[in-house]
Amino acid sequence: MTDSLTMIAIDTLSQQVNTYASRVAGEPLPPVSWMWDCRARLDPTGAEAEFFGTVHPDLPAAESNIQLVTWARALALTDSTEMRDAAAGRRVFTGSLGNSRIRLAAFIEMPWPASETQPLIALR
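The residue numbers shown here count from 1 along each chain, following its written sequence. This being a predicted model, a pLDDT of at least 70 is required before a residue's local features are given, and a value of 80 or more before pairs of side-chain atoms are given or counted; all residues contribute to the totals for chains, interfaces and linings. To get the side-chain values, all heavy atoms of the structure are used, and hydrogens and water are removed first.

A negative phi angle is the norm for most residues apart from glycine, just as the trans form is the norm for most peptide bonds. A positive phi angle is found at Ala76, which is not glycine, with a value near 55 degrees. Positive phi, normally seen in glycine, also occurs at Asn99, with a value near 65 degrees. When you line up the elements, Asn99 lands in the loop between strand S4 (90-97) and strand S5 (100-107). Relative accessibility decides the category of a residue: with a 1.4 Å probe and only protein chains considered, values under 20% of the type maximum give buried, values over 50% give exposed, and everything between is partly exposed. By relative accessible area, Asn99 is classed as exposed at 81%. To qualify as a helix, a DSSP run of H or I must reach at least 4 residues; to qualify as a strand, a run of E must reach at least 2; elements of each kind are numbered from the N terminus.

Structure (structure tokens):
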């Protein structure tokens with residue numbers, strides 16, 4: 001039950017954020033999955049709560065990058081990719097939308113050779 005409730009919450013939030021962002025940008029934007037990270041409110045360092053968006057991870061890297069850059073340009077987001085993100089093949093942009101901090105990420109390259117992700121042939 002938790003999984004389905006979680007998926008309903010993510011879907012509902014994603015629809016709302018995607019619709020609002022498209023309205024602010026004045027153009028349709030590719031769909032992104034959004035979650036709200038409220039843990040920052042409990043962080044003693046004073047970190048700001050944020051909305052975290054992810055371009056669909058099953059898209060080819062080139063398509064993910066196009067969708068990510070489309071959002072970044074439309075909303076004037078800043079490239080905030082850190083070394084750990086780049087090492088994992090991710091690109092990250094941050095900015096604000098509706099007075100809220102947003103962070104948007106996508107896998108834009110495979111951090112490992114494709115041969116390592118292929119099934120191993122069983123030898124007898």
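Salt bridges are defined as contacts in which a side-chain nitrogen from Lys or Arg sits within 4 Å of a carboxyl oxygen from Asp or Glu. Summed over the entire model, instances satisfying the criterion amount to five salt bridges. Arg101 is the salt-bridge partner of Glu50, the closest N and O atoms lying 2.8 Å from each other. Here Arg101 lies in strand S5 and Glu50 lies in strand S2 (residues 50-54), a separation of 51 residues in the sequence. The partner of Arg103 in a salt bridge is Glu50, and the shortest N-O contact between them spans 2.7 Å. With Arg103 in strand S5 and Glu50 in strand S2, this pair connects stretches of sequence that are 53 residues apart. Note on Arg103: relative accessible area 26%, which makes it partly exposed. A residue is classified by how much of its surface remains accessible, and Glu50, at 7% relative accessible area, is buried.

Next up on the list: the pairing of S5. We call two strands paired when DSSP finds no fewer than two bridges between them. Judged from the five bridges that link them, S2 and S5 form a sheet pairing that is parallel. Bridging across to S5, Thr54 finds its partner in Ala105. By the bridge criterion, eight bridges tie S4 to S5 in an arrangement that is antiparallel. Across the sheet, residue Arg90 finds its bridge partner in S5, namely Phe107. Where S4 hands over to S5, the hairpin turn is made up of two residues, of which Gly98 adopts a positive phi near 60 degrees.

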